Amino acid sequence: MPSAADQTVFRDAVFSTRDEHHDAVRFEGTDFTGAHAEGHSFLECSVLGGTFDDAHLEGSRWSESEWQRVGGVSVSLVEASLVETTVEGCRLAAVSAWGSSWRDVTVRGGKVDFLNLRGARLKDVAFVDCVVVDLDLQEATVDGLTFEGCTLVQPAFGRGRYARLDLSGATLRAPVGLAGLRGATLSRPQVIDLADAFAAELGIDVRD
């Protein structure tokens, strides 16, 4: 990541064509509301503050970039690619990222409501000290995904491949699809707390 002094500062998000390339750009307090950046490439870019309401980032590519203190509702990252990228202190909702690809990504702090990662490919991704509500990881291909100090509310699993999916550092509330978590790691207290949910999904009648 280049220093702030080396980056070009943009405060208005004006994207005129598809598949534009942005190199070492710092979007500072930029309003991305309704922006169309489908297929755009962002290399060593910083997004500091600003709003992503109804932002169309389908098929965009983010490499060695960062988002900090970004807010937004209805953000589309469908089939986008995030590589060596950090998302920190953001408040996002209704994020559609199904079919996307994440590698060496860290999401730290903040809160995400309704994060759709169905069918996504995640490799060496870390969520740290954040809250994620309605996380959809169904049909996802995971090879290294951790949740340290996180609260996951109604996460959904199933029909995916969950190699090195470590949920042991998270608080799980009303998870769905526990029976499909083959390959994942849970702590012993989690397994005890979720015993009734496991039994219900497996059709086991538990009697006192």
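Look up a bit, the structure's there.
Along each chain, numbering runs from 1 in the same order as the chain's sequence is written. Only residues with pLDDT of 70 or above have their local features reported here, since the model is predicted, and side-chain atom pairs are shown and tallied only from 80 upward, although totals for entire chains, interfaces and linings are computed over all residues. As a rule here, side-chain values cover all heavy atoms of the structure and leave hydrogens and water aside.

Summarise the overall build of the chain; cite the residues concerned and give the values.
Helical segments are the DSSP runs of H or I of at least four residues, strand segments are the runs of E of at least two, and each set is numbered from the N terminus. A count of helical and extended segments in the chain gives two helices and 19 strands. When its C-alpha atoms are laid out on the principal axes, the chain stretches across 65 × 25 × 25 Å. A 1.4 Å probe rolled over the protein chains alone gives each residue an accessible area, and that area as a share of the maximum for its type sets the label: buried under 20%, exposed over 50%, partly exposed in between. Burial analysis of the chain (208 residues in total) assigns 47% to the buried set. For this analysis, residues touch if any pair of their heavy atoms sits within 4.5 Å. Long-range contacts, defined as pairs at least 24 residues apart, comprise 5% of the intrachain contacts of the chain with a sequence gap of at least 6. Just so you have it, the chain exposes about 9900 Å², and 48% of that area is on carbon and sulfur atoms. Positive: Lys, Arg. Negative: Asp, Glu. His and the chain ends are not part of the count. Note that the charge is assigned to NZ on lysines, CZ on arginines, CG on aspartates and CD on glutamates. Averaging the locations of the 19 positively and 32 negatively charged side chains of the chain gives two centres separated by 5 Å. Methods summary: accessible areas were calculated by the Shrake-Rupley approach with a probe of 1.4 Å, and residue burial reflects only the protein chains presented.

Quick one: what's the story with unusual backbone geometry, residue by residue and with numbers?
A positive phi angle, close to 55 degrees, is found at A24, a residue other than glycine. Relative to the helices and strands, A24 is located in the loop between β2 (21–23) and β3 (25–31). A relative accessible area of 13% places A24 in the buried class. Positive phi is not limited to glycine here, since F114 has a value of about 60 degrees. Assignment of secondary structure puts F114 in strand β12 (residues 111–116).

Quick rundown of the packing of aromatic side chains? Include the residues and the values.
Each Phe, Tyr or Trp ring, with Trp reduced to its six-membered ring, pairs with another whose centre is within 6.5 Å; inter-plane angles below 30 degrees give stacked pairs, above 60 give edge-to-face pairs, and intermediate values give tilted ones. Applying the stated criterion to the full structure yields nine aromatic pairs. Among the aromatic residues, ring-to-ring pairing joins F27, F32, F42, F52, W62 and W67 into one connected group.

Tell me about the nonpolar core, and please be specific about residues and values.
Buried residues of nine kinds, namely Ala, Val, Leu, Ile, Met, Phe, Trp, Tyr and Cys, make up a nonpolar core once their side-chain atoms join them within 4.5 Å. Core analysis: the biggest nonpolar cluster contains 53 residues, and W67, W102, F127 and F147 have the highest contact counts within it. Every residue in contact with W102, bar those within four places of it in the chain, is listed here: L82, A97, V107, L117, R121, L122, K123, V125 and F127.

Residue-level account of the sheet that holds strand β14 (residues 131–136), with values.
Strand order in the open sheet formed by six strands is β8-β10-β12-β14-β16-β18, and the pairing between neighbours is parallel. Two strands close off the open sheet at either side, each with one partner strand: β8 (71–76) and β18 (170–173). Direction aside, neighbouring strands of the sheet carry axes that sit 15 degrees apart on average. With four bridges joining them, strand β16 (residues 150–153) and β18 adopt parallel strand pairing. For T151, the partnering residue across the bridge sits in β18 and is T171. When DSSP finds two or more bridges between two strands, those strands count as paired. Axis lines are fitted through C-alpha atoms, for helices just across the contact stretch, and the angle between N-to-C directions can take any value from 0 to 180 degrees.

Tell me about the pattern of salt bridges, residues and numbers included.
Any Lys or Arg side-chain nitrogen found within 4 Å of a carboxyl oxygen on Asp or Glu counts as a salt bridge. Per the stated rule, a full pass over the model turns up 11 salt bridges. Close ionic contact of D104 with R103 constitutes a salt bridge, the shortest N to O distance being 3.4 Å. What makes D104 partly exposed here is its relative accessible area of 33%. Its salt-bridge partner being D124, residue R164 comes within 2.9 Å of it at the nearest N-O pair. Taken together, the positions of R164 in strand β17 (residues 161–166) and D124 in strand β13 (residues 121–128) put the pair 40 residues apart, joining distant regions of the chain. Among the charged side chains, a salt-bridge network with shared partners connects R118, D136, E139 and R159.

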